Amino acid sequence: MTNERERTVAAGAEVDWDAQAAAFDDEPDHGLRAPEVRAAWAARLRDWLPRRPADVLDLGCGTGSLSLLAAEQGHRVTGVDGSPAMVERARAKLAGRDAVVLHGEAAAPPVGEQRFDVVLVRHVLWALPDAARALRHWRTLLRPGGRFVLVEGVWGTVSPVGIPAARLTALLEPLAGPVRVERLSGDPVLWGKAVDDERYAVVATV
């Protein structure tokens with residue numbers, strides 16, 4: 001089972017994310033409007049992110065739902081998205097928080113010389129043309145002791161798309177220390193429904 005975003009991309013369509021932005025948060029795991037879904041993602045982030053206030057780079061941040069959760073937990077957040085309409089909604093959602101949202105590509109975020117404690121990416125890496133290259137670049141944006149927090153998966157049954165956990169961990173091994181894989185398929189509250197495909201998070205410290 002997939003949400004509308006994954007169905008659209010899996011079908012090979014050219015996605016107009018500006019057009020998708022208005023309805024993007026209608027998916028339970030995008031908008032986090034249901035209190036139980038929001039609480040479930042907040043709990044996961046609390047486990048994945050540093051306990052002290054940290055600089056978090058949220059790549060492909062969409063409308064900023066995860067960025068908002070991270071900011072609410074005391075982190076300083078920089079969100080990046082390639083869609084101006086998504087960026088506009090994320091900025092509105094994060095207004096008044098210790099956060100900035102930039103327009104730019106996730107694979108090469110426009111952050112200059114700034115460095116971060118966390119690179120946070122959800123359901124973006126698998127769709128990039130060269131995942132290994134993106135990871136290598138993101139590694140340069142992390143401070144020593146920083147960490148990747150990557151939420152990915154494999155969607156669909158007829159023509160599956162995505163990146164399996166085994167492949168992602170193999171790509172991370174040359175770049176990071178111990179890699180922890182946390183399976184997420186068995187937690188329907190995260191998605192607002194039961195899912196039967198592979199969904200997981202990888203946390204890796206550099």
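Rules and cut-offs
- Residues numbered from 1 in each chain as written.
- Predicted model: local features only at pLDDT ≥ 70, side-chain atom pairs only at ≥ 80, totals over all residues.
- Heavy atoms only, no water.
- Buried < 20%, exposed > 50% of the residue type's maximum accessible area, 1.4 Å probe, protein only.
- Helix = DSSP H or I, 4+ residues; strand = E, 2+ residues; numbered from the N terminus.
- Arc of directions from axis to C-beta.
- Contact = heavy atoms within 4.5 Å.
- Core = buried A, V, L, I, M, F, W, Y, C linked by side-chain atoms within 4.5 Å.

Looking at helix 8 (residues 165-172)
Phase 1: The set of residues buried in helix 8 consists of Ala165, Leu168, Thr169 and Leu172. Buried residues of helix 8 fall within an arc of 100 degrees about the axis and therefore sit on the same side.
Phase 2: Contact partners of the buried residues in helix 8: helix 7 (131-140), strand 5 (142-155), strand 7 (179-183) and strand 8 (198-205).

Thoughts on the nonpolar core
Phase 1: Ranked by size, the top nonpolar core spans 31 residues in total, and within it Leu125, Leu135, Trp138, Leu150 and Leu168 carry the most contacts.
Phase 2: Within the residue set of this core, elements represented by two or more residues are strand 1 (55-59), strand 4 (116-122), helix 7, strand 5, helix 8 and strand 8.
Phase 3: Leu150 has contacts with Val119, Val121, Leu125, Leu135, Trp138, Leu168, Leu172, Tyr200, Ala201 and Val202, leaving out every residue within four places of it along the chain.
Phase 4: Among the nonpolar cores identified, the runner-up in size contains 30 residues, and Ala71, Val87, Leu94 and Trp191 belong to it.

Details of the environment of Asp29
Phase 1: Tracing the sequence through the fold places Asp29 in helix 3 (residues 28-31).
Phase 2: Its relative accessible area of 2% is what places Asp29 among the buried residues.

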